[in-house]
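# Architecture and fold: a report
One-letter residues, chain by chain:
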Amino acid sequence: MFWIRSSILNQQGNPLSCDCRLSWILEWLKIKGSTLEDEPTCQSPPLLQNRTIRSLNQTDLEFWQEDCPKPCDCVCKTEGEDVFTTVDCTNKNLNTIPEKFPLNVKEIDLQNNDITSFSGFTAKNWLNLEILNIENNSLSTISLDFSSSMKDLKLAGNNLTRFPLNEWNTSSPLQLLSLSKNPWICDCQAWEFRELLVKYQNSIIDVQEVRCNSQGKLANRIIIQLQKDEMCPNFKIEKIVLIAGIAAFVVFLCLLCCIYRKALAALFYTCGCGCLKNTEKHDYNFDAFLLYADEDEDFALNIIAEGLETRNPEIKLFIPTRQIFLSSSPVNIESSLADCCRIIVLLTKEFLNNSQCMQLLKTSMACSIQHSSRRMIFVLLGKGNILKNVDTTLKAIINNSVCLRCGEILFWSKLNYALPKKMKVKRFLDEENNSLMHNEVSS
């Protein structure tokens, strides 16, 4: 090294800062034959100003005195070309954190005092501070407002009951944290603290010793081993209530669906869910026969027939008056009833009092018994109880059939759903013939 090969050193005119970086000069002067050609003096720190280097010892250079809080010990250390200080305030009977520290402080050790809070101490002011040890004090609250240089924070052995989660930054630079030997409160409010311990357990050096305080059912339990229903006793009850509520809602929903299943099926079918209804294979020439009394003809044609044909252009209705007008040959109404897949009966007081209508109704019901019990569709029109004076046999047939009251909710959807989703036999036969022809050509 340079100072080994040279025995004379000239430092004249250099503004020397007398700190641990000059320790090598004192070591160099100990070597026999090594001398300072001039008498260089210290320009800083203020306490060593104008002192000659020759008059200094290692203690003067290593113990940093500028801004060193009393009664702490500040030591100067080097790291390459950088110089920093460590402050030792252990066992000094302090009840507050000193407000003043060297600007280049890197480590502060405040162990074994009686400090109760961070009052007056702002850690982010010390831009080089990396290690803060406040273990074994009387802290009841803490602040996590640190500079980005902070790496180690030791808080074990205090009176902390709550962790300041609102100040915790997920991008915190902290690499080591100690939290044991504190009377942590373990309740539902502390569940987030427990989750933080689990998430950062690799950085918390004493995580397996972070325990609940000595009170209650969870006394001295390791926090990261606790379950939520242990920390939140009401959570289990809330969970049961929630499950019961959901179950009750599902049952209620199922009950509604069961009660209004026909209306819902009609609604979804009208909205395009054709899978809710099977396609009917039949050879009827008409989808429905519209049966009504002469007094109700205007309503039957302009409301029911027009409403159905407007909403479903493909529907083919047999309307006696219209069919008689269109047909070139006499129309047998009774035989026409058998040629219709459904029979829509516009049931009014006038209809019930018309003997001819009632005769046609009996004929249509006889056909329905032979073909399908769900063939009849009754549409009630008029105020009051129309079926009050109807005989029990007819009333039983009406109750066992599709029965709608004109104007009720989803009337048209329900009526449309009651009509056949048709696929005529002719179509099946055509497809079968086409298939046979295709096979013959292939062979």
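Presented here is a report on the structure given in the accompanying data block.

Rules and cut-offs
Residues numbered from 1 in each chain as written. Predicted model: local features only at pLDDT ≥ 70, side-chain atom pairs only at ≥ 80, totals over all residues. Heavy atoms only, no water. Axes fitted to C-alpha atoms, helices over the stretch in contact; angles between N-to-C directions. Helix = DSSP H or I, 4+ residues; strand = E, 2+ residues; numbered from the N terminus. Parallel < 35°, antiparallel > 145°, perpendicular 65-115°, else oblique. Contact = heavy atoms within 4.5 Å. Nonpolar A, V, L, I, M, F, W, Y, C, P; charged D, E, K, R; others polar. Phe/Tyr/Trp six-rings, centres within 6.5 Å; stacked < 30°, edge-to-face > 60°. Buried < 20%, exposed > 50% of the residue type's maximum accessible area, 1.4 Å probe, protein only. Lys NZ or Arg CZ within 6 Å of the ring centre and 35° of its normal. Pairing = 2+ DSSP bridges.

Attention now goes to the packing of helix α8 (residues 297–311) against helix α14 (residues 411–418). Packing of α8 against α14 brings their axes to within 11 Å, and their N-to-C directions diverge by 75°. Relative to α14, α8 is oriented roughly perpendicular. Where α8 approaches α14, its residues Ile303, Ile304, Gly307, Leu308 and Arg311 are matched on the opposing element by Phe411, Trp412 and Leu415. Of the residues contributing to the contact of α8 with α14, the split by class is six nonpolar, one polar and one charged.

We now examine the packing of aromatic side chains. Inspection of the entire model under this criterion finds ten aromatic pairs. A centroid spacing of 6.0 Å and a plane angle of 80° characterise the contact between Phe101 and Phe121, whose relative ring orientation is edge-to-face. Here Phe121 lies in the loop between β7 (105–109) and β8 (131–133) and Phe101 lies in the loop between β6 (82–88) and β7, a separation of 20 residues in the sequence. Assigned by exposure class, Phe101 and Phe121 land together as buried. Pairing Trp184 with Phe193 gives two aromatic rings, centres 4.7 Å apart and planes at 40°, and the pair type is tilted. Note on Trp184: relative accessible area 1%, which makes it buried. Residue classification places Phe193 among the buried residues on the basis of a relative accessible area of 4%. Put simply, the rings of Phe163, Trp168, Trp184, Phe193 and Tyr200 touch in pairs and so form one group of aromatic residues. Above the face of the Phe84 ring, Lys106 is positioned so that its terminal group lies 4.3 Å from the ring centre. For the cation-ring pair, Lys316 lies above Phe286, with the distance from its terminal atom to the ring centre recorded as 5.1 Å.

The subject of this paragraph is the sheet that holds β7. Reading across the sheet, the six strands line up as β5-β6-β7-β8-β9-β10 and stay open at both edges, with mixed pairing between neighbours. Pairing within the sheet leaves two strands with one partner each, and these edge strands are β5 (73–79) and β10 (176–178). Each adjacent strand pair in this sheet contributes to an overall mean axis angle of 10°, direction not counted. Relative to strand β9 (residues 152–154), β8 is paired through three bridges, and the arrangement is parallel. Within β9, the residue paired with Ile131 across the bridge is Asp152.

Any link to function would need more than the numbers given here.
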